[in-house]
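The chain contents come next:
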Amino acid sequence: MPEVTINGPEGRIEGRYLHAAEPNAPIALMLHPHPQHGGTMNNKVVYSMYQTFVARGFSTLRFNFRGVGRSQGVYTGGEGELSDAATALDWLQTYNPNAKYCWIGGFSFGAWIGMQLLMRRPEITGFVSIAPPANMFDFTFLAPCPASGIMVQGDQDDIVTPESVKKLVDKLSAQRGITITHTVIKGANHFFGQQIDQLTDIVGTYLDKSIAAHDKASA
């Protein structure tokens, strides 16, 4: 996993990037949890998602938001972090101008940022949101949600309430033309400590089905 340095809005953005061997490979961007609560691109859930996309032939990037690790700047409450994510996606697209499609994955705070980026970038064709913090942040900007995706939640999560995620899923699922897959992992808390392998399997299976459907539709 080569280290990369991206020129961000507040200076250097530190990242890890793996370029796929296949020409025109799809691309994926991973977003980490809250910068003020220990979230980094090396978080186990983020790393698991990263490896899941890499294993399926995506050119995949994960990075540290401003003020985390060697990324410059300071936390801004979401606005600046969204700019960081947009800059990282720009970088990814510069190196993959003919990518077949584009996905975004986020965990907790990263899922909130990821869904905002989804609204602004129509080229994003799918998403993975792990424990989206629907009880802490406003998700009403998803009106309508522009792409199908999966939301995964632990039923023992005491940070992001399962009820708030289900309410968000139900709201988005009422829209026409998109499908929100909602999976609840029994016994899992917010960090999926003992269930990380199960989480990886769920995301991987969903990706396999989505990729097959996309390839069939574009054939």
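Look above for the structure.
Residues numbered from 1 in each chain as written. Predicted model: local features only at pLDDT ≥ 70, side-chain atom pairs only at ≥ 80, totals over all residues. Heavy atoms only, no water.

Visitor: With reference to specific residues and values, describe the overall build of the chain.
Guide: Across its full length, the chain carries 5 helices and 8 strands. Tracing the chain from N to C terminus, the helices and strands come up as β-β-β-α-β-α-β-α-β-β-α-β-α. In terms of C-alpha radius of gyration, the chain reaches 16 Å, essentially the compact-globule figure of 17 Å for 219 residues. Overall, the chain is about 45 × 40 × 35 Å in size when its C-alpha atoms are taken along their principal axes. The proportion of buried residues among the 219 residues of the chain is 54%. Taking the contacts inside the chain whose residues are at least 6 apart along the sequence as the reference set, 69% of them involve residues at least 24 apart. Once the 17 positive and 19 negative side-chain charges of the chain are each reduced to a mean point, those two points are 4 Å apart. (Helix = DSSP H or I, 4+ residues; strand = E, 2+ residues; numbered from the N terminus. Rg over C-alpha atoms; globule rule 2.2 N^0.38 Å. Buried < 20%, exposed > 50% of the residue type's maximum accessible area, 1.4 Å probe, protein only. Contact = heavy atoms within 4.5 Å. Lys, Arg positive; Asp, Glu negative; His and termini not counted. Charge placed at Lys NZ, Arg CZ, Asp CG, Glu CD.)

Visitor: An account of the sheet that holds strand E3 (residues 27-31) is needed here, citing residue identities and associated values.
Guide: Taken in spatial order, the 8 strands make up an open sheet running E1-E2-E4-E3-E5-E6-E7-E8, and their pairing is mixed. The sheet is open, and its two edges are formed by strand E1 (3-8) and strand E8 (180-185), each paired on a single side. The sheet shows a mean angle of 20° between the axes of neighbouring strands, taken without regard to direction. Both strand E6 (residues 124-130) and strand E7 (residues 149-154) contribute to a ladder of 4 bridges, which runs parallel. If you follow Ile130 over to E7, its bridge partner there is Val152. Sitting on the sheet, helix H1 (residues 44-55) touches strand E2 (11-18), E3, strand E4 (59-63), strand E5 (102-107) and E6, and the angle it makes with E4 is about 165°. (Pairing = 2+ DSSP bridges. Axes fitted to C-alpha atoms, helices over the stretch in contact; angles between N-to-C directions.)

Visitor: Talk me through empty space enclosed by the protein; I want residue IDs and the actual numbers.
Guide: Counting across every chain of the model gives 1 cavity of 30 Å³ or more. Forming the walls of the largest cavity are Ile104, Gly105, Gly106, Gly110, Ala111, Gly114, Met115, Phe127, Val128 and Ser129. Mapped by element, the contributors of at least two residues to the lining of the largest cavity are E5, helix H3 (109-120) and E6. Per-element tally for the lining of the largest cavity: the top contributor is H3, with 4 residues. Considered class by class, the residues forming the lining of the largest cavity number 5 nonpolar, 5 polar and no charged. (1 Å grid on protein atoms, 1.4 Å probe; cavity = no way out; pocket = protein on both sides within 12 Å on 5 of 7 lines; lining within 4 Å. Points joined across faces, edges and corners; volume = space filled by probe spheres on them. Nonpolar A, V, L, I, M, F, W, Y, C, P; charged D, E, K, R; others polar.)

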